[in-house]
Amino acid sequence: QVQLVESGGGVAQAGGSLRLSCAHSGGAFSTNGMGWFRQAPGKEREFVATINWSSSNTDYAESVKGRFTISRDNAKKTVYLQMNSLKPEDTAVYYCAARRTGNRGSVYAGEYDYWGQGTQVTVSS
């Protein structure tokens, strides 16, 4: 059974940085697309970033382009989200997601089969 465990969340000031990590265990990692999503209070879960199996392709939500960077280390079975120039509107629970099959990333939550428990990111103004 695949398990995803996020870490690295916390409180940051506007303009600051945080780095989220997602450790993958229990199944294939290096051949599958991965993604990050987030959910703010009272809002639906939304796409943040995605990466394909080889790191050759990434995609970002418009709201985070130029500020966030997704990356992965297949040897460590870990995907990262580097978040810079944080804004109060980035406050949300951030979720890591993995595809069971498919080596491409995806912006659609429905194309992911496994989800982490989430990590809280709070950005103060």
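What this report covers is the structure whose coordinates are included nearby.

Thresholds, definitions, all that
- Residues numbered from 1 in each chain as written.
- Predicted model: local features only at pLDDT ≥ 70, side-chain atom pairs only at ≥ 80, totals over all residues.
- Heavy atoms only, no water.
- Helix = DSSP H or I, 4+ residues; strand = E, 2+ residues; numbered from the N terminus.
- Disulfide = S-S within 2.5 Å.
- Buried < 20%, exposed > 50% of the residue type's maximum accessible area, 1.4 Å probe, protein only.
- Pairing = 2+ DSSP bridges.
- Axes fitted to C-alpha atoms, helices over the stretch in contact; angles between N-to-C directions.
- Salt bridge = Lys/Arg side-chain N within 4 Å of Asp/Glu carboxyl O.

### Some words on unusual backbone geometry
With a phi close to 70°, S55 is a non-glycine residue in the positive phi region. Tracing the chain through its elements places S55 in the loop between β5 (46–51) and β6 (58–60). The backbone of K77 sits at a positive phi, close to 55°, despite the residue not being glycine. Locating K77 in the fold gives a position in the loop between β7 (68–73) and β8 (78–83).

### Section: the state of the cysteines
Here the structure, examined in full by the defined rule, presents 1 disulfide. Each sulfur in the disulfide pair C22 and C96 lies 2.1 Å from the other. On the sign convention where negative means left-handed, the S-S torsion of about -75° between C22 and C96 marks this disulfide as left-handed. Of this pair, C22 sits in strand β3 (residues 18–25) while C96 sits in strand β9 (residues 92–98), placing them 74 residues apart in sequence. Judged by relative accessible area, C22 falls into the buried class, the value being 0%. Classification of C96 as buried rests on a relative accessible area of 0%.

### With respect to the sheet that holds β7
With antiparallel pairing, the 4 strands of this open sheet are ordered in space as β1-β3-β8-β7. Edge positions in the sheet fall to β1 (3–7) and β7, since each of these pairs with one other strand and no more. Ignoring which end each strand starts from, the neighbouring axes of this sheet average 15° apart. Alignment of β1 against β3, held across 5 bridges, turns out to be antiparallel. Bridge pairing links E6 to C22 in β3.

### As for the pattern of salt bridges
Applying the stated criterion across every chain yields a total of 5 salt bridges. The salt bridge involving E46 is made with R38; its shortest N-O contact spans 2.6 Å. A salt bridge links E62 to K65; the nearest nitrogen and oxygen atoms lie 2.9 Å apart. Residue E62 is classed as exposed on the basis of its relative accessible area of 63%. Assessed through its relative accessible area of 43%, K65 is described here as partly exposed. Residues participating in the shared-partner salt-bridge network are R38, E46, R67 and D90.

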